[in-house]
Amino acid sequence: MGNFIVTTIRKPDSATEILAEEISLKLGGQLIERKDLSFDTLKKIHGAENILLVKKNSLSVITAEGELFFHPNTAHLRIKNLRGGEGDRLIDALKISAGSKVLDCTLGLGSDAIVESFIVGDSGKVVALEINPLIAEVVSYGLKNFSEDSPHILEAMRRVEVINADCKEYLKTCADDSFDVVYFDPMFRRPIQKSSGLNPIRPLADARPLTEEIIREACRVAKFRVVMKEHSGNAEFERLGFKVADGGKYSSIAFGVIEK
Ligand SMILES: C[S@@+](CC[C@H](N)C(=O)[O-])C[C@H]1O[C@@H](n2cnc3c(N)ncnc32)[C@H](O)[C@@H]1O
């Protein structure tokens, strides 16, 4: 995750200071008093690559590529479309409905997990794994505390269970058929520059390719299917044994499926 420090906004209230202390203890990054210093100065003085910034009611990470923060905006739009009777390509590929159990192995900024959670509802379950502790902390805090959205979206956010773990290790601990579907959205092999919304995640995210062993374990853990999102025409689908279910005729993104 690179070397990081924890600090606050310039004039923190006491709740923000306490949260910063808790997070520093939990994640092990040194807690630094902000004073009136800029992020660049703080990074230089402390030799830190990243800064975990504690604000009033939210967290973010200042990376070399910009600020990584949680916001449900793309999930918001997709849920609005779903409620309006339109489809969602991920949901169609996962084939999930109310009550389904989903293991989302790549939380990232959490948009897909929120949409999955909206669909599976109270009677279902979404467990989302994220290997990078800073991304996991910022996004799980946001999912629990973000408050400016409609109740059905906030409820979907609150239901996502985030676990800071490597999916390779976590899958080994799961029983056979313990989730209905297992989903992967790895960092694209070839970055799409125009999706600049994802740029601040790049310095933190794990971009190693999935292995055949991970997919084998996912097939054991999934009762019905394993789904992966990648670029259309990407060789990863064939290498890992996925059949492209939705080739993305009008999009550069495709979904591959392994049915059990
Ligand atoms: C492309 S992003 C996922 C985006 C997400 N689907 C969304 O809707 O925001 C991929 C994420 O998976 C994480 N990741 C990569 N390898 C992982 C692994 N082995 N276990 C858990 N998380 C992993 C990366 O750190 C990154 O945050």
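Quick caveat: nothing in here was measured; it's all calculated off a predicted structure.

Draft legend 1. Local environment of the sheet that holds strand S2 (residues 30-31). Taken together, five strands build an open sheet; the order of strands is S2-S1-S3-S4-S5 and the sheet is mixed. The open sheet is flanked by S2 and strand S5 (66-69), the only strands paired with a single partner. Helix H2 (residues 39-46) rests against strand S1 (4-8), strand S3 (50-55) and strand S4 (58-63) of the sheet, and its axis sits at about 130° to S3. Against the sheet, helix H6 (residues 133-145) contacts S1, S3, S4 and S5, and its axis sits at roughly 150° relative to S4.

Draft legend 2. Examining the packing of aromatic side chains more closely. This structure, assessed with the given rule, holds one aromatic pair. Between the aromatic rings of phenylalanine 70 and phenylalanine 146, the centroid separation amounts to 5.9 Å while the plane-to-plane angle is 75°, which identifies the pairing as edge-to-face. Of the two residues, phenylalanine 70 is situated in the loop between S5 and helix H3 (73-83) and phenylalanine 146 in the loop between H6 and helix H7 (151-159); the sequence distance between them amounts to 76 residues. Classification of phenylalanine 70 as buried rests on a relative accessible area of 6%. On the basis of relative accessible area, phenylalanine 146 is assigned to the buried category, the value being 18%.

Draft legend 3. How the structure looks around the environment of asparagine 81. Within the secondary structure, asparagine 81 sits in helix H3. Overall, the relative accessible area of 27% leaves asparagine 81 in the partly exposed class. As for asparagine 81 and isoleucine 91, which are separated by 10 residues in sequence, their C-alpha atoms are 12 Å apart.

Draft legend 4. Region of the structure containing the sheet that holds strand S9 (residues 179-184). Judged by pairing direction, the sheet is mixed, and its seven strands sit side by side in the order S8-S7-S6-S9-S10-S12-S11 without closing on themselves. Single-partner strands in this sheet number two, and they are strand S8 (161-164) and strand S11 (243-246). Taken over all neighbouring pairs, the strand axes of this sheet differ in orientation by 25° on average, direction set aside. Both strand S6 (residues 101-104) and S9 contribute to a ladder of three bridges, which runs parallel. By the bridge assignment, valine 102 is partnered in S9 with valine 181. Each of strand S7 (125-130) and S8 touches H6; the most contacted strand, S8, lies at about 165° to it.

Draft legend 5. Structural view of the site of the ligand. The environment of the ligand is formed by 21 residues, the closest being Asp112, Glu130, Asp166, Cys167 and Asp185. One of the backbone N or O atoms of cysteine 105 is found 3.3 Å from a nitrogen atom in the ligand. The protein chains hide 93% of the 610 Å² of surface that the ligand would expose on its own. Elements supplying a minimum of two residues to the shell around the ligand: helix H5 (111-120) and S7. Across the shell around the ligand, the residue classes tally to 12 nonpolar, four polar and five charged.

Parameters at a glance
- Residues numbered from 1 in each chain as written.
- Predicted model: local features only at pLDDT ≥ 70, side-chain atom pairs only at ≥ 80, totals over all residues.
- Heavy atoms only, no water.
- Pairing = 2+ DSSP bridges.
- Helix = DSSP H or I, 4+ residues; strand = E, 2+ residues; numbered from the N terminus.
- Contact = heavy atoms within 4.5 Å.
- Axes fitted to C-alpha atoms, helices over the stretch in contact; angles between N-to-C directions.
- Phe/Tyr/Trp six-rings, centres within 6.5 Å; stacked < 30°, edge-to-face > 60°.
- Buried < 20%, exposed > 50% of the residue type's maximum accessible area, 1.4 Å probe, protein only.
- Near = heavy atom within 4 Å.
- Polar contact = N/O pair within 3.5 Å; in protein donor to acceptor, adjacent residues only side chain to side chain.
- Areas by Shrake-Rupley, 256 points an atom, 1.4 Å probe, with all protein chains shown as cover.
- Nonpolar A, V, L, I, M, F, W, Y, C, P; charged D, E, K, R; others polar.

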